[in-house]
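So you can see what is in the structure, the chains are spelled out below.
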Amino acid sequence: MYGESLLSKIIDTNDPLALKRFSIERYHFPTVVERQAYDFISDYAEKNRGNAPDYRTLVAEIENFNYLPDVEDSLEFLSEKLKDHAGKRMLHEFLTSKEVSEKFSNMTAEEFTEWLTENTEQIKRQMHLNHKVGLDLKQDTDKFLLEYERRKIGQSFKIWQSKFPSVNNSIGGYFSGNIYTWYGRSGRGKSVFVMEEALEAA
């Protein structure tokens, strides 16, 4: 329910970046259809300058997806509910698994407590319930590698054109992931140039 509502809201507001903004991952969605819809919206946005597909396109591409028009709940509320339900689902699957029963029987109380804590903390991280900002070099290795491979084949970057044609001719604009520094003597207009570029990008 919350998955379909969230994805429908994203379509209506043309805001697929909300998936990244609220740390929504594919595994948060409980059904195959919702995961397919998530994949389609994400892929569509990457290829169409961050725009979401029309709801009719989504329904035509993803069979059995239940589009819900005029969802009034906020994207933040829907995201929190989706992740909360996903967390409970993952915890239930883990706590009722055969592995937990075996570890409980074969480990000491201290060992089992440590093992249980480590695994539940991992689920917590997967749900982003701690609202962390950015990526963790130790915990998010797969994400770094995936992003590296996508950038290597030219599928994961944005370009902001400069206000000044000479900059575009020289370096092709500003690429996401790069750092650019304006430098020069005091009073030469660096702040004005940077302000103009920021307004152009906005």
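These numbers come from a predicted model, not from an experiment. (Residues numbered from 1 in each chain as written. Predicted model: local features only at pLDDT ≥ 70, side-chain atom pairs only at ≥ 80, totals over all residues. Heavy atoms only, no water.)

Engineer: Please give an account of a negative patch on the surface that cites residues and values.
Structural biologist: Taken together, the side chains of Asp12, Asp70, Glu72 and Asp73 make up a negatively charged region of the molecular surface. Residue position: Glu72 is located in the loop between α4 (55–61) and α5 (75–95). (Patch = residues over 30% accessible without salt bridge, like charges linked within 9 Å, V, L, I, M, F, W, Y side chains within 5 Å. Areas by Shrake-Rupley, 256 points an atom, 1.4 Å probe, with all protein chains shown as cover. Salt bridge = Lys/Arg side-chain N within 4 Å of Asp/Glu carboxyl O. Lys, Arg positive; Asp, Glu negative; His and termini not counted. Charge placed at Lys NZ, Arg CZ, Asp CG, Glu CD. Helix = DSSP H or I, 4+ residues; strand = E, 2+ residues; numbered from the N terminus.)

Engineer: With reference to specific residues and values, describe the packing of aromatic side chains.
Structural biologist: Evaluated as defined, the whole model comprises 10 aromatic pairs. With centroids separated by 5.2 Å and ring planes inclined at 70°, the aromatic side chains of Phe164 and Phe193 adopt a geometry described as edge-to-face. Here Phe193 lies in helix α10 (residues 190–201) and Phe164 lies in the loop between β1 (159–160) and α9 (165–171), a separation of 29 residues in the sequence. By relative accessible area, Phe164 is classed as partly exposed at 21%. Cluster of aromatic residues (ring-pair linked, three or more members): Phe94, Phe104, Phe112 and Trp115. (Phe/Tyr/Trp six-rings, centres within 6.5 Å; stacked < 30°, edge-to-face > 60°. Buried < 20%, exposed > 50% of the residue type's maximum accessible area, 1.4 Å probe, protein only.)

Engineer: Give me the lowdown on the environment of His28, citing residues and values where you can.
Structural biologist: One can find His28 in the loop between α2 (18–21) and α3 (32–47). When the C-alpha positions of His28 and Asp84 are compared, they lie 8.9 Å apart, and in sequence the two are 56 residues distant. A polar side-chain atom of His28 sits 2.8 Å from the main-chain amide nitrogen of Glu25. (Polar contact = N/O pair within 3.5 Å; in protein donor to acceptor, adjacent residues only side chain to side chain.)

Engineer: Describe the packing of helix α1 (residues 2–13) against α3, naming the residues involved and giving the relevant values.
Structural biologist: Between α1 and α3, whose axes approach to 10 Å, the crossing angle comes to 20°. In terms of orientation, α1 and α3 fall into the roughly parallel class. For the element pair α1 and α3, the recorded crossing hand is left-handed. Residues Gly3, Glu4, Leu7, Ile10 and Ile11 of α1 form the contact with α3, whose own contacting residues are Glu34, Ala37, Tyr38 and Ile41. Split by residue class, the contact of α1 with α3 holds 6 nonpolar, 1 polar and 2 charged. (Axes fitted to C-alpha atoms, helices over the stretch in contact; angles between N-to-C directions. Parallel < 35°, antiparallel > 145°, perpendicular 65-115°, else oblique. Left-handed = near helix turned anticlockwise from the far one by under 90°. Contact = heavy atoms within 4.5 Å. Nonpolar A, V, L, I, M, F, W, Y, C, P; charged D, E, K, R; others polar.)

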